[in-house]
Amino acid sequence: AISSDSCSNVNILDCDFDSCKSTGFGGSVRVVNTEKLLNISDCNFSNSHSDADGGSVYCDKVPMVVIHNCDFSNSSSNLAGCSIDIVSTTNTVIKNSNFTNSINSIGIQKGANVTLTKNNLTASDPNKSTMYIKENTTEAYEISERIRIK
């Protein structure tokens, strides 16, 4: 649906993404090499799929990522971050968002200064994790989540 490379700022506001698919990264949204900010607010993502990372949203080399008040349901990917996969960022804030029926809903790789606040993560499979955090370069994590297994 949306692919952006080498922009200054990317704002995605009040959008609905349904049944988006990608043979690469980011089933609904792919943002790479952004100079300042990726802001996704008040959006709904349902039934998105990526053959690589980021079933709904994939971003790489974005200094600041803000995802606020979004709903993600039934996202899938063949690799990491079924709902969101964030790679090589300096600051990431995910707040007041809902993640339903996805395995490894949030993937954060090679990031720093991650804040996850007041999100609801609901996994449909009790044997699968809801967050995937790998190779991060800082101890600055604030995680305040409600995680529920159906």
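Rules behind the numbers
- Residues numbered from 1 in each chain as written.
- Predicted model: local features only at pLDDT ≥ 70, side-chain atom pairs only at ≥ 80, totals over all residues.
- Heavy atoms only, no water.
- Helix = DSSP H or I, 4+ residues; strand = E, 2+ residues; numbered from the N terminus.
- Buried < 20%, exposed > 50% of the residue type's maximum accessible area, 1.4 Å probe, protein only.
- Polar contact = N/O pair within 3.5 Å; in protein donor to acceptor, adjacent residues only side chain to side chain.
- pLDDT = per-residue confidence, 0-100.
- Pairing = 2+ DSSP bridges.
- Disulfide = S-S within 2.5 Å.
- Salt bridge = Lys/Arg side-chain N within 4 Å of Asp/Glu carboxyl O.
- Phe/Tyr/Trp six-rings, centres within 6.5 Å; stacked < 30°, edge-to-face > 60°.

Student: Just checking my understanding: could you explain the side chain of Thr-92 for this structure?
Tutor: Position of Thr-92 among the secondary structure elements: in strand S14 (residues 91-95). On the basis of relative accessibility, which here comes to 0%, the residue Thr-92 falls in the buried class. At 2.9 Å, the side chain of Thr-92 and the side chain of Thr-89 are in polar contact.

Student: Honestly, the confidence of the model for the chain in this entry has me stumped. Any pointers?
Tutor: Detailed reading of the predicted coordinates is not advisable wherever pLDDT falls low. Per-residue confidence for the chain averages 84 on the pLDDT scale, and 81% of its residues sit at or above 70. Across the chain, element-level confidence peaks in strand S3 (residues 16-18) with a mean pLDDT of 98 and bottoms out in strand S19 (residues 141-149) with 51.

Student: What am I meant to see in the sheet that holds strand S4 (residues 21-22) here?
Tutor: The parallel open sheet is built from three strands, whose spatial order is S4-S8-S12. Taken across any chain shown, the strands that pair with only one partner, and hence form the sheet edges, are S4 and strand S12 (76-77). In this sheet, strand S8 (residues 49-50) lies alongside S4 in parallel orientation, the contact comprising two bridges. Paired with Lys-21 across the bridge in S8 is His-49.

Student: How should I be thinking about the pairing of strand S5 (residues 29-32) in this particular structure?
Tutor: A regular strand places its side chains on the two faces of the sheet in alternate fashion. Where strand S1 (residues 2-5) meets S5, four bridges bridge the pair, whose relative direction is parallel. Bridged to Ile-2 within S5 is Val-29. Pairing between S5 and strand S9 (residues 57-60): four bridges, direction parallel. Looking at the pairing, Val-32 lines up with Asp-60 of S9.

Student: So what exactly am I meant to see when it comes to the state of the cysteines here?
Tutor: A covalent bond between the sulfur atoms of two cysteines is referred to as a disulfide. All told, the structure shown has zero disulfides when counted by the stated rule. The cysteine Cys-70 is free of any disulfide, with Cys-43 supplying the nearest cysteine sulfur at 4.8 Å.

Student: Even after reading the chapter, I still don't get the pattern of salt bridges, so can you show me in this structure?
Tutor: Within the structure shown, the criterion is met by one salt bridge. For Asp-60, the salt bridge is made with Lys-61, and the minimal N-O distance between the two is 3.5 Å. Of the residues examined, Asp-60 reaches a relative accessible area of 12% and is grouped as buried.

Student: Got a minute to help me understand the pairing of strand S16 (residues 106-109) in this structure?
Tutor: Every second residue of S16 is oriented toward a common face, with Ile-106 and Ile-108 on one face and Gly-107 and Gln-109 on the other, all of them buried. Bridge analysis of strand S13 (residues 84-87) against S16 gives four bridges, and the strand direction is parallel. The partner of Ile-86 across the bridge, within S16, is Ile-108.

Student: How should the packing of aromatic side chains be read in this particular structure?
Tutor: The geometry of an aromatic ring pair is captured by two quantities: the separation of the ring centres and the angle between the planes. Tallied over the entire structure, the rule returns four aromatic pairs. Aromatic pair Phe-25 and Tyr-58: ring centres 4.6 Å apart, planes at 35 degrees, arrangement tilted. Here Tyr-58 lies in strand S9 and Phe-25 lies in the loop between S4 and S5, a separation of 33 residues in the sequence. Here Phe-25 falls in the partly exposed class, since its relative accessible area comes to 35%. With relative accessibility at 7%, the residue Tyr-58 sits in the buried group. Measuring from centroid to centroid gives 4.7 Å for Phe-45 and Phe-72, while their planes differ by 0 degrees, and the two rings are stacked. Taken together, the residues Phe-45 in strand S7 (residues 44-46) and Phe-72 in strand S11 (residues 71-73) connect sequence positions 27 residues apart.

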